[in-house]
Every structure is written in C-alpha cells, then in structure tokens.
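# Observations on the model geometry
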Amino acid sequence: MRARILVTRPQHDAQPWVRALQARGWEAHALPLMGIGPCLDAAAQQALAQARLAALTPGHYRAVMFVSGNAVQYFFASNSPQTLTHQALLAPDTRAWTPGPGTSRALLAAGIPPSQIDGPAADAAQFESETLWQRVHSQIHPGDRVLIVRGDSPVPETATPSIQGAGRDWLAARLREAGAEVELLAVYQRLLPQWTPQQLELARNAATDHSLWLFSSSEAVANLQQILPKQSWQQARALTTHARIAAKAEAAGFGQVLQSRPTQEEVFASIESAL
C-alpha cells in the first residue's frame with residue numbers, strides 16, 4: 001500500500017488536492033494546519049469598505065496586489081453590492097496583481113477580466129512576490145498608489161487588531177523604493193485550527209509511519225509545532241513548495257524534507273518520486 005499523504009492547507013483549499021491525490025490512487029487526508037476567517041474588527045471592516053470604493057475609483061490605485069485566493073475571496077465578499085449586481089470590481093485602469101496561478105484563478109472566478117491580471121510567468125521557478133515584481137515593476141511610477149490585500153495572524157486578546165495585517169513585506173519595500181505609496185489591508189485572519197481527537201491521533205501517527213506531509217506555508221509548520229509542541233519529527237517526511245518552507249520544516253526537526261515547484265502536477269511528480 002502506498003504511504004499516506006497529509007494535505008495541510010486550509011480545509012476549503014485542501015479538499016480539491018485530496019480528491020486529486022485520491023484519483024491517482026494515493027491515500028490522502030486533509031489535515032488543515034491553518035484556519036481562515038474574516039476580519040471582524042469594526043476598524044478592519046470600515047477599512048475594507050473604504051478600500052473597495054477606492055479600488056473602483058479610476059486613477060486611485062495603480063494596482064491592487066492580492067497575496068492569495070483568500071485575499072480575493074474576502075476582498076470581493078459575495079455580499080458586496082458589486083458582486084451581487086455584476087458591476088465592475090476594480091477601476092478599469094487598476095491592475096490586479098497575483099503571486100501565482102491559484103490567485104489568478106480566484107480573480108477570474110470573482111469576475112476580473114484576464115486582461116487586467118498580472119502575475120509571474122507560467123514557467124517561473126517560483127510563484128511569489130519576487131517573480132511578480134519582475135513582471136510589473138515597469139508599471140510603477142513615483143507617486144503611484146498600490147494596495148496590498150493580505151491576511152492577519154492571531155493577536156493576543158489584550159492587543160488591538162491591525163488593519164494592515166501581517167506577512168512578508170518584500171514587495172512593499174520594493175514599491176516604496178520605486179516611489180510608490182503602499183497601503184496594506186488585512187481582509188482575513190489566519191487562525192490556529194482546532195483539531196479533533198482523531199486528527200491529533202492521525203498527526204501523531206504520521207510522525208513515525210512514513211506518511212508524507214505536504215506544506216505550502218511556513219505558518220502551517222509553525223502551527224503544527226504549537227499544536228504538538230513535544231512531538232519529535234525526526235522520522236517524519238515533508239514535501240514543501242518553497243525553500244523558506246523547507247527551512248522551517250528542517251528547523252522543526254523533520255528528518256526528510258523535499259522541495260517541489262508549487263504547481264499541482266509538479267507536486268504530484270515529486271510525490272511519485274518520493275514514494
């Protein structure tokens with residue numbers, strides 16, 4: 001029997017991967033290591049409403065960068081008036097930037113025209129801000145505004161949530177160096193998942209039974225360490241989709257850490273080689 005594969009993406013993202021893996025004959029399970037939910041803070045909701053209006057105003061933003069499909073989903077919420085009436089979601093002169101094909105598909109599903117979307121080349125070595133910047137840096141002129149739509153990480157109950165969210169600031173730094181004004185907006189929260197006893201047992205077994213963990217974010221690895229802080233991962237195997245994630249898995253103690261480009265076909269080819 002083939003080794004078990006654990007897909008650690010958020011539940012709604014994990015299920016299509018699980019189905020595709022099972023269709024190829026692998027035993028695959030969703031074991032989400034990140035929950036996703038809306039930013040419910042009143043200030044965040046007000047900032048989102050203002051940003052939606054600004055994004056519809058011609059000339060206001062040179063571009064809106066969506067860091068993930070979740071950013072697209074929660075920025076263009078299904079109950080927004082534009083979505084319900086099929087009106088334009090962005091001003092026609094505003095570009096929609098994406099770090100990879102998954103986010104591009106989310107933008108297309110939301111109703112953004114393909115001609116308005118910019119992202120890395122399909123054969124890019126990685127789908128990330130660096131390869132996006134190679135494609136779009138020539139669009140930016142001093143004084144341009146760019147909105148970066150992203151998520152936020154949990155904050156202590158005593159802390160005030162930030163409307164700017166949390167994440168990598170590499171692209172924001174490059175934009176500011178080019179003279180652009182950068183706005184950061186959190187539209188969703190990345191949450192620590194609440195696992196069932198069955199999921200905890202599955203994870204503990206997968207630390208030693210030759211299962212293959214699929215990691216698509218460094219935060220997923222960090223959450224695993226938080227959920228099972230005393231667990232040894234020396235006998236565990238991980239397949240990651242970026243060098244930063246691989247480094248996080250190695251630091252967590254995974255005994256074997258592999259890397260793949262993030263496309264589904266190449267991840268599957270890497271799984272075939274590993275198993």
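Values in this document were obtained by computation on a predicted structure and should not be read as measured data.

The interhelical angle for the contact between helix α9 (residues 218–227) and helix α10 (residues 243–252), taken along N-to-C directions, is 15°, at an axis separation of 8 Å. When the axes of α9 and α10 are compared, the pair comes out roughly parallel. Two packed elements cross with a definite hand, and for α9 against α10 that hand is right-handed. The residues of α10 that touch α9, namely those facing S218, V221, A222 and Q225, are R244, I245, K248, A249 and A252. Class assignment of the residues belonging to the contact of α9 with α10 gives a composition of 5 nonpolar, 2 polar and 2 charged.

Right, let's talk about the packing of helix α1 (residues 11–23) against helix α11 (residues 264–274) for a bit. Two numbers describe how α1 lies on α11: the axes approach to 12 Å, and their chain directions differ by 50°. Comparing the axis directions of α1 and α11 gives the class oblique. By crossing handedness, the relation of α1 to α11 is classed as right-handed. The segment α1 lies against α11, with W17, A20 and L21 engaging Q264, V267, F268 and I271. For the contact of α1 with α11, the class distribution of residues is 6 nonpolar, 1 polar and no charged.

The next thing to look at is helix α6 (residues 129–136). Judged by how many residues are buried, α6 sits mostly within the fold: 6 of 8 residues are covered. At its buried positions, α6 is contacted by β4 (63–66), β5 (95–97), β6 (117–118), α7 (170–177) and α10.

Taking strand neighbours across the sheet as the criterion, the 6 strands line up as β3-β8-β7-β4-β5-β6 in an open arrangement whose pairing is mixed. Two strands lie at the open edges of the sheet, namely β3 (35–38) and β6, each paired on one side alone. Summarising the sheet, β4 and strand β7 (residues 145–152) pair through 4 bridges and their orientation is parallel. Across the sheet, the residue bridging to M65 is I148, located in β7.

Cut-offs used in this document
Residues numbered from 1 in each chain as written. Predicted model: local features only at pLDDT ≥ 70, side-chain atom pairs only at ≥ 80, totals over all residues. Heavy atoms only, no water. Axes fitted to C-alpha atoms, helices over the stretch in contact; angles between N-to-C directions. Helix = DSSP H or I, 4+ residues; strand = E, 2+ residues; numbered from the N terminus. Parallel < 35°, antiparallel > 145°, perpendicular 65-115°, else oblique. Left-handed = near helix turned anticlockwise from the far one by under 90°. Contact = heavy atoms within 4.5 Å. Nonpolar A, V, L, I, M, F, W, Y, C, P; charged D, E, K, R; others polar. Buried < 20%, exposed > 50% of the residue type's maximum accessible area, 1.4 Å probe, protein only. Pairing = 2+ DSSP bridges.

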